[in-house]
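Residue-level listing of the chains:
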Amino acid sequence: MCGIAGYVGSGLAQPVLLGGLKRLEYRGYDSAGVAELTGMELAVTKAVGRISELEKRLTESGATIGIAHTRWATHGVPSEPNAHPHVAGKLALVHNGIIENYRSIRDVLARRGVTFTSDTDTEVLAQLVNTEVDRKKREGVDRPLAEGVRAALREVRGTFGIVVLSADYPGMLVAARRGSPLVIGYGDGEHLVASDTSALLGRTRRVVYLEDDEMAEITADDVRLETLDAQPVKRKATKISGKLDDVQKQGYAHFMLKEIYEQPEVLHDAIRGRLRPDTGTAKLGGVNLTDDELRDIDQVVLIGCGTALYAGQVAAYWLEKLARVPATAVVASEWRYRNPIVSERTLCVALSQSGETADTLAAIREAKAKGARTIGVINVIGSTIAREVADGGTYIHAGPEIGVASSKAFTNMLGVLLLLALQIGRVRNLSEAAGAAIAKAAAELPEIMASQLKHRDEVAAAAKRYHGTRDALYLGRGLTYPMALEGALKLKEISYVHAEAYPAGEMKHGPIALVDPKLLAVVLAPQNALYEKTKSNLEEIRAREGSVLTVTTEGNRDLDGLADAVLEVPKVHEVLEPFVLAIPLQLFAYEMAVTRGTDVDMPRNLAKSVTVE
Ligand code: AGP
């Protein structure tokens, strides 16, 4: 969602800020802005739309301190007045998150004569900070900027990651967080602050993450960390690992395409060293549960949103089949509000690529508060969920995923969840032989997926054929049902074709009414134990003249007369079918989007990391 970049040092601030914003573009935004301080002069520039629009309006100011922001509208439409930074008096402020009680604060400030120029909660926060900084100045306290920010934040409810710059206190940024990530980059005679480490890449690798209810006073030479309650905080800088290449397209037309093609390599990275093919098990380092504790689990709840939820649905099948433990995947935003039933024998698994999804974070906090065991399966190292899920957690090692539509993070999340199912399975019911068969087959997946990626042309031809489709119905059974959900999500996200997914057996209980020659049915029918059942459903669609694209096992000629188009997937162990189905489903959505001319990497209205509820 929104992105923050800040700089103070001896170099020029503007190129650092714009570079940072560009590397945050993937998070999704609709407007952008920069505030720079040249001497005591505060200059703010904003633009609706892309960062390139903002760039056109900027001239090099010579400033060596500044803050910048990309906004994804929550309160108020995308417009210049609503874009950040927001100015109040002589200060400028950028904000990620939501101030829940902004209306009442706005009313109080308005009664005192403060006027507002935007519809945003952030402007209210900027005005409140300005009022408090002025008060601290009048009271003659030390460090009025930091103390004013602290006092203002005592008044607010909600979430914030903020950075403040003031013409009265040049050479200093004040940052604070509650619920919205901020990371400080330590450079040579300079400091940076950002909402995401990718904004820092290329400038520094040494970082300190702010924790909730902490603030920082940042100058070129020093960073002073404190809690919002004024307790000093000591924290050593850690090193981030990403490469600048990870956030560049490297010759691919889109980040999403690059990330689809990276899957064999990153899946290999995620399972290498963790999978034990000989004993049919796996060892996930971050899962801090003993074998006895794993045996003691009486249910697993997999918590996520969107693609992460669908990875959880696949894993629920695996956990029940391989580990014989009841497992359910739940929608984070629903589960947290239904007074969930958990105990100390429940294992709650937070699934999140970004590690910042507000609903997933809130749900895992609820699980913890209720006494469940909690672990995270996360991509972004150092993200909030990764740091907060105290009982343990494991990284999926997919590397930065820039395309808003998830691809490699999905298959790597599946990879790690398969390892988890094997690890739990082997200390419970799974035999060594059965575990070894799966583990050995899993080790071959990266190579198999690499060979699938050579068949992009066939998928592109199918997309060409169906590019005019308005509605698509994805059908699957068993393990292929969550893949139908994921395929439909991919298609709607990036090509804007309406798509939904159903368990194939449910089709005749309603959706069959939709079937006509204009509806595209995408039927996932690999030759597995449920194949004949799925084939019957396919025939039902055919009998009603629906057009059918099927995804089936290589060499299967059985569906030739029943489908208009066939995409093939290699024969793999039945349990591993989701991995090989992912490739044609992702490529089909991608090629549909390209033929329809949509913005593949930054689809309209979407944000990469959804940090508001
Ligand atoms: C995936 O293509 C989507 N962009 C979206 O559904 C995403 O998976 C969801 O918002 C969860 O994100 P997370 O994994 O970062 O928590």
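As a convention, each chain's residues are numbered from 1 in the sequence order in which they are written. Per-residue local features of the predicted model are confined to residues with pLDDT of at least 70, and side-chain atom pairs are confined, for both listing and counting, to 80 or more; whole-chain, interface and lining totals are unaffected and use all residues. With hydrogens and water stripped out, all remaining heavy atoms of the structure feed into the side-chain values.

(A) Quick peek at the site of the ligand. One heavy atom suffices: a residue is near a molecule or strand as soon as one of its heavy atoms comes within 4 Å of it. The local shell around the ligand holds 14 residues, among which S352, Q353, S354, T357 and E493 are the closest. Polar contact criterion, stated in full: a pair of N or O atoms within 3.5 Å, where within protein one must be able to donate a hydrogen and the other to accept it, and residues adjacent in sequence count only if both atoms are side-chain atoms. Interatomic distance of 2.6 Å between a backbone N/O atom of Q353 and an oxygen atom of the ligand. Between the ligand and E493 there is a distance of 2.7 Å, counted from an oxygen atom to a side-chain nitrogen or oxygen. Reported accessibility uses the Shrake-Rupley method at a 1.4 Å probe radius. Residues are deemed covered only where the shown protein chains occlude them. Against a free-state accessible area of 410 Å², the protein chains account for coverage of 90% of the ligand. Every helix listed is a DSSP run of H or I at least four residues long, and every strand listed is a run of E at least two residues long, numbered separately from the N terminus. Elements that contribute at least two residues to the shell around the ligand include exactly α9 (306-323) and α17 (480-495). When grouped by side-chain class, the residues that make up the shell around the ligand number five nonpolar, seven polar and two charged. A domain assignment, automatic or from a database, supplies the domain bounds used here. Of the domains in this structure, domain 2 (249-443) and domain 3 (453-596) are the two that each give at least three residues to the shell around the ligand. Under the scheme applied here, ten amino acids are nonpolar (Ala, Val, Leu, Ile, Met, Phe, Trp, Tyr, Cys and Pro), four are charged (Asp, Glu, Lys and Arg), and all others, including Gly, are polar.

(B) Just the side chain of H84, in detail. Within the secondary structure, H84 sits in the loop between β4 (65-71) and β5 (86-88). Note on exposure labels: buried denotes an accessible area under 20% of the residue type's maximum, exposed denotes more than 50%, and partly exposed covers the range between, all computed with a 1.4 Å probe on protein chains only. A relative accessible area of 3% means that H84 is categorised as buried. A polar contact is formed between the side chain of H84 and the backbone nitrogen of H95, at a distance of 3.2 Å. Side-chain polar atoms of H84 contact the side chain of T122, separated by 3.4 Å.

(C) Summary view of the packing of aromatic side chains. A pair of Phe, Tyr and Trp rings is counted when the ring centres sit within 6.5 Å of each other, with Trp represented by its six-membered ring. The angle between the planes then sorts it: under 30 degrees is stacked, over 60 is edge-to-face, the rest tilted. Considering all chains together, one arrives at two aromatic pairs under this definition. Pairing W318 with F579 gives two aromatic rings, centres 5.9 Å apart and planes at 15°, and the pair type is stacked. Here F579 lies in helix α19 (residues 577-596) and W318 lies in helix α9, a separation of 261 residues in the sequence. Here W318 falls in the buried class, since its relative accessible area comes to 0%. For F579, a relative accessible area of 1% gives the class buried. Between R604 and the ring centre of Y496, over which it is positioned, the NZ or CZ distance is 3.8 Å. The criterion for a charge sitting over a ring is simple: Lys NZ or Arg CZ within 6 Å of the ring centre, and within 35 degrees of the ring normal.

(D) Broad picture of helix α1 (residues 13-24). Here α1 spans 17 Å end to end across twelve residues, near enough to the 16 Å set by a 1.5 Å rise per residue. Residues count as neighbours in contact if any of their non-hydrogen atoms are within 4.5 Å of one another. If you follow the buried residues of α1, they end up packed against β1 (3-8), β2 (31-38), α2 (51-57), β4 and β10 (191-194). One less than the residue count of a helix, multiplied by 1.5 Å, gives the span that helix is expected to have.

(E) Region of interest: the side chain of R23. Looking at where R23 falls in the secondary structure, it is placed in helix α1. At 8.7 Å, D196 is the nearest oppositely charged side chain to R23, a buried residue that forms no salt bridge. A polar contact is formed between the side chain of R23 and the backbone oxygen of A199, at a distance of 3.1 Å. By the counting rule applied here, Lys and Arg register as positive and Asp and Glu as negative, while His and the ends of each chain are not counted. Every case where a carboxyl oxygen of Asp or Glu lies within 4 Å of a side-chain nitrogen of Lys or Arg is listed as a salt bridge.

(F) The pattern of salt bridges, seen in detail. Under the counting rule described, the total for this entry stands at 36 salt bridges. Salt bridges linked by common partners bring R143, E147, R150, E217, R224 and E226 together as one network.

(G) Local environment of the sheet that holds strand β23 (residues 498-503). The rule for pairing is simple: two strands pair if DSSP sees at least two bridges between them. Ordered in space as β23-β22-β24-β25-β26, the five strands form an open sheet in which the pairing is parallel. The two strands at the open ends of the sheet, each matched to only one other strand, are β23 and β26 (565-569). Put simply, the sheet's adjacent strands are angled 20° from each other on average, direction ignored. As paired strands, strand β22 (residues 471-476) and strand β24 (residues 520-525) are joined by four bridges and run parallel to one another. Opposite A472, over in β24, you have L520 as the bridge partner. Angles run from 0 to 180 degrees between N-to-C directions of axes, and those axes are lines fitted to C-alpha atoms, restricted for helices to the stretch in contact. The strands that helix α16 (residues 456-466) touches are β24, β25 (547-553) and β26; relative to β26, the one it contacts most, it runs at about 155°. Seen against the sheet, α17 touches β22, β23 and β24 and runs at an angle of roughly 175° to β23.

(H) Inspection of the domain arrangement of the chain at higher detail. Per the domain assignment, the segments of the chain are domain 1 (3-246), domain 2 (249-443) and domain 3 (453-596). Here the C-alpha centre of domain 2 lies 34 Å away from the C-alpha centre of domain 1. At the surface where domain 1 touches domain 2, the tally comes to two salt bridges. The partner of R365 in a salt bridge is D212, and the shortest N-O contact between them spans 3.3 Å. Put simply, domain 1 and domain 2 have four residue pairs in polar contact (both at pLDDT 80 or more) between them.

(I) Representation of the pairing of strand β7 (residues 160-166). In terms of burial, β7 is largely enclosed, as seven of its seven residues are buried. Burial along β7 is two-sided: F160, I162, V164 and S166 and G161, V163 and L165, pointing in opposite directions, are all buried. Pairing geometry for strand β6 (residues 91-96) and β7, over six bridges, is antiparallel. Bridge pairing in β7 links L91 to S166. Looking at chain direction, β7 and strand β8 (residues 173-178) are connected through six bridges and run antiparallel. Counterpart to V164 in the pairing with β8 is V174. The hairpin formed by β7 and β8 contains six residues between the paired strands, and G171 there has a positive phi angle of roughly 85°.

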